[in-house]
Structure formats: structure tokens, C-alpha cells
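# Coordinates in review
These are the residues of each chain, in order.
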Amino acid sequence: MNPFYNLVADRAIHRCEYCHAPELVFNFPFEVEHIVPISRGGANVEFNLALACRSCNLRKGTRISEIDPESNIEVRLFNPREDRWEDHFQVNSQTGLIIGITPIGRVTVKTLELNSQSQVIARQLWIRLGLFP
């Protein structure tokens, strides 16, 4: 287990810091990921670490930015240490969709595929169980 896991998981209230999936419903701990990957000059320090579900971590990979689908301009991905989730995303409690309301939110939703069919189905269940948002 990552030596920073307890610190990062407690800070994140045991939720993926990207899609807000509750760690409670998984049968294994979420991953400690580097917001700015080491290969991109990031450091292995608390400020550069986030709790991520496997889906978000795999899809993010070494990406730090993407092209915004609306403006066609390169925009950085959501950074849990610098950004407030509520400033960039909204959840439709009826459909379970996460909507990016800023360029950062839009590129993060697109890049991490936050509205993949499996994630939306799971999110709808979590909403019904009172575990999301």
C-alpha cells in the first residue's frame, strides 16, 4: 500500500477526487495518484497526490491537459489540490451524469470518461442509496 494512502484517503473523505465515487462500495482501496505525473515533472509530495478510483487513474494516465470540446483550446485537467470540484462540475441527480460547467470540467469529463455507461449506472445506484454526491 502507498505510504501516503491514509493521509490522501482521509483528506479526500474516501472518495475519488475526480468522479467522486465512494470508496466504500469497492472491495479494495482506491489508488494514490500523481496529479502531475513524475514523468511530467511532478513530485512525490502530498500536494501532488490525489485519491483516484481505478477507472479515473487509468484514463488519466500521464495526461495533464486536453482540448476543450467547446472552445477547441488546450486546457489543463481538474486539479484537486487547486480547484474546488463544485466550481467545475454539476451532477444531474435524475440521470447520474456529471456535467462539466467550465473548460476544466469539460476536458476532465471527456478525458476521464466520467459519463461512461458503467459509471453512470453505478452513480445512479449510489444516488438511490444516498452515497452520492
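So, here is what we can say about the structure in this document. (Residues numbered from 1 in each chain as written. Predicted model: local features only at pLDDT ≥ 70, side-chain atom pairs only at ≥ 80, totals over all residues. Heavy atoms only, no water.)

## So, the nonpolar core
Test applied: Side-chain atoms within 4.5 Å link the members of a nonpolar core, which is a set of buried Ala, Val, Leu, Ile, Met, Phe, Trp, Tyr and Cys residues. A 1.4 Å probe rolled over the protein chains alone gives each residue an accessible area, and that area as a share of the maximum for its type sets the label: buried under 20%, exposed over 50%, partly exposed in between. Each helix is a run of H or I in the DSSP string that is no shorter than four residues. Each strand is a run of E no shorter than two, and both are numbered from the N terminus. Only heavy atoms matter for contacts: two residues are in contact if any of them lie within 4.5 Å across the pair.
Grouped together as the largest cluster of nonpolar side chains are 31 residues, with contacts concentrated most on C16, Y18, C56 and L114. If you list the elements that add at least two residues to this core, you get α1 (5-11), β2 (49-52), α4 (103-111) and α5 (117-129). Looking at this core, the element that brings in the most residues is β2, giving four residues. In contact with L114, not counting residues within four places along its chain, are Y18, C19, C56, F89, I98, T108, V109, Q119 and R123.

## Focus: the side chain of E31
The following threshold applies: Two N or O atoms form a polar contact when they lie within 3.5 Å of each other; inside protein one atom must be a possible hydrogen donor and the other a possible acceptor, and for residues adjacent in sequence the pair counts only when both atoms belong to side chains.
If you trace the backbone, E31 turns up in strand β1 (residues 31-34). A polar contact is formed between the side chain of E31 and the side chain of R54, at a distance of 2.9 Å. Ignoring anything within four residues of it in the chain, the contact list for E31 reads A50, L51, A52, R54 and N57.

## Quick notes on unusual backbone geometry
Glycine aside, residues mostly have negative phi angles, and peptide bonds mostly take the trans form. A cis amide bond links F132 to the next residue, P133, at an omega of 0°. Positive phi, close to 55°, is recorded for I13, a residue that is not glycine. One non-glycine residue with positive phi stands out, namely H20, at about 70°. By the secondary structure assignment, H20 is in the loop between α1 and β1. Accessibility expressed as a relative area gives 16% for H20, which makes it buried.

## With respect to α5
We apply this condition: Take the number of residues in a helix, subtract one, and multiply by 1.5 Å to get its expected span. In this context, the arc is that of the directions from the helix axis out to the C-beta atoms.
Helix length check: α5, at 13 residues, gives a terminal C-alpha distance of 19 Å against a target of 18 Å (1.5 Å per residue), a fit within 8%. Along α5, the residues that are buried comprise Q119, V120, R123, W126 and I127. Each buried residue of α5 lies within a common arc of 120° when the element is viewed along its axis, so the set occupies one face. Away from its buried face, by an angle of more than 90 degrees, α5 presents the exposed residues Q117, S118, I121, R128 and L129.

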